[in-house]
Amino acid sequence: MVINNFSAHLPFGDNKIAPWYGKDILSVKQFSHDDLDYVFGVAHEMREMVTRIGTFDLLKGKILANLFYEPSTRTSSSFTAAMERLGGSVIPINEVKYSSVSKGESLPDTVRTLECYADVIVLRHPEIGSAALAARYARKPVINAGDGVGEHPTQALLDLFTIYEELGVGVVDGMTVTMLGDLKYGRTVHSLARLLSLYNVKINYVSPDILRLPREVYNEVAEKGVPQAEFASLADVLPETDVLYVTRVQKERFEDPEAYESVKSAYVIDCDIMQNAKEKMIVMHPLPRVGEIAIEFDDDPRAAYFRQMEYGLYVRMALLAMVLGKA
Ligand code: ASP
Ligand code: CP
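Residue numbers restart at each chain and count upward from 1, following the sequence in its written direction. Lettering for chains starts from A, numbering for ligands starts from 1, and both go in the order in which the items are written. Owing to the predicted nature of the model, reporting of local features is limited to residues with pLDDT of at least 70; listing and counting of side-chain atom pairs is limited to 80 or more, with chain, interface and lining totals taken over all residues. Note that the side-chain values use all heavy atoms of the structure and ignore hydrogens as well as water.

Quick look at the packing of helix H6 (residues 187–196) against helix H7 (residues 215–223)
Logical step 1: With axes taken as lines fitted to C-alpha atoms, and helix axes fitted only over the stretch in contact, angles between N-to-C directions fall between 0 and 180 degrees. Where helices and strands are cited, they refer to DSSP runs of H or I of at least four residues and of E of at least two residues respectively, numbered from the N terminus. Put simply, H6 and H7 touch, their axes get as near as 9 Å, and they point 10 degrees apart. Taken together, the axes of H6 and H7 are roughly parallel relative to one another. Residues His190, Ala193 and Arg194 of H6 form the contact with H7, whose participating residues are Glu216, Val217, Glu220 and Val221.
Logical step 2: Here the term charged refers only to Asp, Glu, Lys and Arg, the term nonpolar to Ala, Val, Leu, Ile, Met, Phe, Trp, Tyr, Cys and Pro, and the term polar to all other amino acids, Gly among them. Grouping the amino acids of the contact of H6 with H7 by side-chain chemistry returns 3 nonpolar, 1 polar and 3 charged. When describing relative orientation, an angle under 35 degrees is termed roughly parallel and one over 145 degrees roughly antiparallel, while 65 to 115 degrees is termed roughly perpendicular and anything else oblique. Contacts: residue pairs with any heavy atoms within 4.5 Å of one another.

Topic: the packing of helix H1 (residues 33–53) against helix H5 (residues 153–167)
Any two packed helices are characterised by how steeply their axes cross, that is the angle between the axes, and by the distance between the axes.
Logical step 1: H5 packs onto H1 with a crossing angle of 70 degrees between their chain directions and a minimal axis gap of 11 Å. When the axis of H1 is compared with that of H5, the two are roughly perpendicular. Facing Leu36, Asp37, Phe40, Ala43, His44 and Arg47 of H1, the residues of H5 in contact are Leu157, Leu160, Phe161, Tyr164 and Glu165.
Logical step 2: Each residue belonging to the contact of H1 with H5 can be placed in one class, and the counts come to 7 nonpolar, 1 polar and 3 charged.

Describing H6
Logical step 1: In terms of residue burial, H6 counts as a mostly covered element, since 10 of its 10 residues are buried.
Logical step 2: Throughout, exposure labels follow a simple rule: accessible area from a 1.4 Å probe, protein chains only, divided by the maximum for the residue type, with under 20% read as buried, over 50% as exposed, and the rest as partly exposed. Burial in H6 covers these residues: Arg187, Thr188, Val189, His190, Ser191, Leu192, Ala193, Arg194, Leu195 and Leu196.

Here we look at empty space enclosed by the protein
Logical step 1: Two kinds of site are reported from a 1 Å grid over the protein atoms alone, namely cavities, where a 1.4 Å probe fits but cannot get out, and pockets, open sets with protein on both sides within 12 Å along at least five of seven lines, and residues are called lining when an atom falls within 4 Å of a point. Grid points are joined across faces, edges and corners, and a volume is the space filled by probe spheres set on the points. Applying the stated criterion to the full structure yields 1 cavity of 30 Å³ or more.
Logical step 2: The volume enclosed by the largest cavity comes to roughly 70 Å³.
Logical step 3: Contributing to the lining of the largest cavity are Leu180, Gly181, Pro208, Val246, Thr247, Val249, Val263, Lys264, Ser265, Ala266, Tyr267 and Glu292.
Logical step 4: When the residues that make up the lining of the largest cavity are grouped by side-chain class, the tally is 7 nonpolar, 3 polar and 2 charged.

Side note on the site of ligand 1
Logical step 1: The cutoff for a nearby residue is simple: one of its non-hydrogen atoms must lie within 4 Å of the molecule or strand. Around ligand 1, the neighbouring residues are Arg124, His152, Arg187, Thr188, Arg248, Gln250, Pro286, Leu287 and Pro288.
Logical step 2: Pairs of N or O atoms are called polar contacts if they sit within 3.5 Å, as long as, within protein, a hydrogen donor faces a hydrogen acceptor (for residues adjacent in sequence, only side-chain-to-side-chain pairs). Leu287 is positioned with one of its backbone polar atoms (N or O) 3.0 Å from a nitrogen atom of ligand 1.
Logical step 3: Computed with a 1.4 Å probe, the accessible areas rest on the Shrake-Rupley method; for each residue, only the protein chains presented here act as cover. Relative to its unbound accessible surface of 260 Å², ligand 1 loses 92% to contact with the protein.
Logical step 4: Mapping ligand 1 onto the cavity grids shows that it belongs to the largest pocket.
Logical step 5: A breakdown of the residues in the shell around ligand 1 according to their chemical character gives 3 nonpolar, 3 polar and 3 charged. Just a note on the criterion: a molecule sits in a pocket or cavity if more than half of its atoms are within 2 Å of the grid points.

Quick look at the sheet that holds strand E7 (residues 228–231)
Logical step 1: Read across the open sheet, the 5 strands follow the order E7-E6-E5-E8-E9; overall the sheet is parallel. Of all strands in the sheet, those bounded by a partner on one side alone are E7 and strand E9 (282–284). Looking at each pair of strands side by side, their axes are set apart by 20 degrees on average, direction ignored.
Logical step 2: Relative to strand E8 (residues 243–246), strand E5 (residues 176–180) runs parallel, the two sharing 4 bridges. Within E8, the position partnered with Thr178 by the bridge is Leu244.
Logical step 3: Sheet strands touched by H5: E8 and E9. Its angle to E9, the strand with the most contacts, is close to 165 degrees.
Logical step 4: Lying over the sheet, H7 contacts strand E6 (202–206) and E7, oriented at roughly 145 degrees with respect to E7. Two strands are counted as paired when DSSP detects at least two bridges linking them.

This is the structure in structure tokens:
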């Protein structure tokens, strides 16, 4: 590809970009500590470029297919914005019911179709492993935008970037991260816990018993030597928490509506509760929220969840530049 003058501001001459060229992004397990530093370095540059000049032609002529079998506001629109800010364009398939999927077309055939027209496919799908399946059939890179209750790797990358930008790069080691809510079905939690296991962090999990973190994820994190502990009450761990990662109870994943009703309002963060937290800490949420964080807390400087969404734009710009960037 032709890289225009703006690329002089970006570290794209660096030979580290090449390993990501043409690659799928399916799981956070693909990322090393060095990779993360690199992604966040590029994302930081993207943030500065957007602030300075808004849109630039790094990916001019490239096309992204946004293929969403599940609802999305942030992931879908931030990938669109990322591609357009880099000068590329987007084929939006946000309502698969209006596509040939509704006629019974399979995921492999849909992906084979889209790659005739696009250079990269972003896929959200209700089944675990769907992104990996799509990648097996696609010659073009596939980016996992959430595969059922499996992973949401680009969200975890933006979550960690948020921590870097808000609290400082050097502070992740030594930090206590508390994850709250639906740890069973929350794919962002599964990806973020795995990503954090590359650091010297302590992770607390606070959830109702029926929404505990899957053992598979817990064991993977344990293998990395990261201390983890599980709690039913937030009060036990809030005072030591540096990052409180709040999640929505994932109603759509429950087979038993009564089970959902029994846990849906298990935790609500409000100003009163947050008096017991540190002054310098952040509250994150992948969003959407449906009552887990009271609106009254939004004006608290520790409420980082709206800033977190914006960081997603820069991380997704970095990832697109990396997979489409330089032959
Ligand atoms: N938006 C995130 C996801 O798609 C979190 C959520 O929906 O609660 O996984
Ligand atoms: N955080 C997130 O994935 O949001 P959407 O479901 O709106 O894409």
